[in-house]
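The residues making up each chain are set out below.
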Amino acid sequence: AIALLEAMLAAEPTDVVARVSLAELLLEGDASAETAQRVVALAAGTENETYLHGALLLYQARALQVLGLTTAAREILTTALRRTKDRPAELLLALRYERALVYEALGEKSRAKADLEKVFIQHQAYADVRARLGL
C-alpha cells in the first residue's frame, strides 16, 4: 500500500488523499524519527482548506511530537482547529484530543483540561479522556 501511494504521489505530488493516506500508514507502521521526518515533509506547506487537509495536519502534528517538536505540534493543531465548518466531528475530536496531549507535554495543564473537557462533552468514551480527567 505504501509503495502504491508513493507511486501515486510521484505522478501527482499534490494529491491530498494520497498524502493523508501515506502519512497515516507511515505513522501507524513505524513511529521512528526517520518516519516522522518523512511525514513532516509530506505535509509541509499544507493549508487548512478541507477536512482532508485538516487530517494531514493532524498527522503532521503527531509526527512533530515524535520528533520532540511539541510547540510546533501545538501550532499546527491550533491552526487545524480554526476551521470547524464542514469538518467531520471525529476529525475535530482527534485534533482537540491531540492538542490536549500536546498541552500536557508542555505543562499547560489548564489548557489540556479545557480541551479534554470539550472532547468529553462530545464523546465521553473517546480514547482515555475519562481517565485523563480523573473520572
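Since this is a predicted model, take the numbers as computed values, not measurements.

Engineer: Sorry if this is basic, but what is going on with the nonpolar core here?
Structural biologist: Across soluble globular proteins, nonpolar side chains show a tendency to be buried alongside one another. Within the largest apolar cluster, 40 residues are counted, with the highest numbers of intra-cluster contacts made by Val39, Leu95 and Tyr126. Secondary-structure elements contributing two or more residues to this core are helix 1 (2-11), helix 2 (16-29), helix 3 (33-43), helix 4 (51-66), helix 5 (70-81), helix 6 (89-105) and helix 7 (109-122). Here this core gets nine residues from one element, more than from any other, and that element is helix 6. Apart from residues no more than four positions distant in its own chain, leucine 95 is found in contact with Gly54, Leu58, Leu77, Ala80 and Leu81.

Engineer: I keep staring at the packing of helix 2 against helix 3 and nothing clicks. Help me out?
Structural biologist: Each pair of packed helices gets described by two things: the angle between the helix axes and the distance between those axes. Two elements in contact, helix 2 and helix 3, have axes separated by 10 Å at closest approach and are oriented at 165°. One finds that helix 2 runs roughly antiparallel with respect to helix 3. Like other packed secondary-structure pairs, helix 2 and helix 3 cross with a definite hand, here left-handed. Contacts from Arg19, Leu22, Ala23, Leu26 and Leu27 of helix 2 reach helix 3 at Thr35, Arg38, Val39, Leu42 and Ala43. Here the contact of helix 2 with helix 3 is composed, by residue class, of seven nonpolar, one polar and two charged.

Engineer: In this structure, what is going on with helix 7? I would like to understand it.
Structural biologist: Each full turn of the α-helix corresponds to 3.6 residues, which orients residues three or four apart in the same direction. With 14 residues, helix 7 ought to run about 20 Å at 1.5 Å a step, and its terminal C-alpha atoms sit 20 Å apart, in line with that. Those residues of helix 7 not exposed but buried are Ala112, Asp115, Leu116 and Val119. Burial along helix 7 is one-sided: seen end-on, the buried residues are contained in an arc of 100°. In this structure, helix 7 carries Ser110 and Ile121 as exposed residues pointing more than 90 degrees from its buried face. Looking at the buried side of helix 7, the elements it contacts are helix 6 and helix 8 (129-132).

Rules behind the numbers
- Residues numbered from 1 in each chain as written.
- Predicted model: local features only at pLDDT ≥ 70, side-chain atom pairs only at ≥ 80, totals over all residues.
- Heavy atoms only, no water.
- Core = buried A, V, L, I, M, F, W, Y, C linked by side-chain atoms within 4.5 Å.
- Buried < 20%, exposed > 50% of the residue type's maximum accessible area, 1.4 Å probe, protein only.
- Helix = DSSP H or I, 4+ residues; strand = E, 2+ residues; numbered from the N terminus.
- Contact = heavy atoms within 4.5 Å.
- Axes fitted to C-alpha atoms, helices over the stretch in contact; angles between N-to-C directions.
- Parallel < 35°, antiparallel > 145°, perpendicular 65-115°, else oblique.
- Left-handed = near helix turned anticlockwise from the far one by under 90°.
- Nonpolar A, V, L, I, M, F, W, Y, C, P; charged D, E, K, R; others polar.
- Expected span 1.5 Å × (residues − 1).
- Arc of directions from axis to C-beta.

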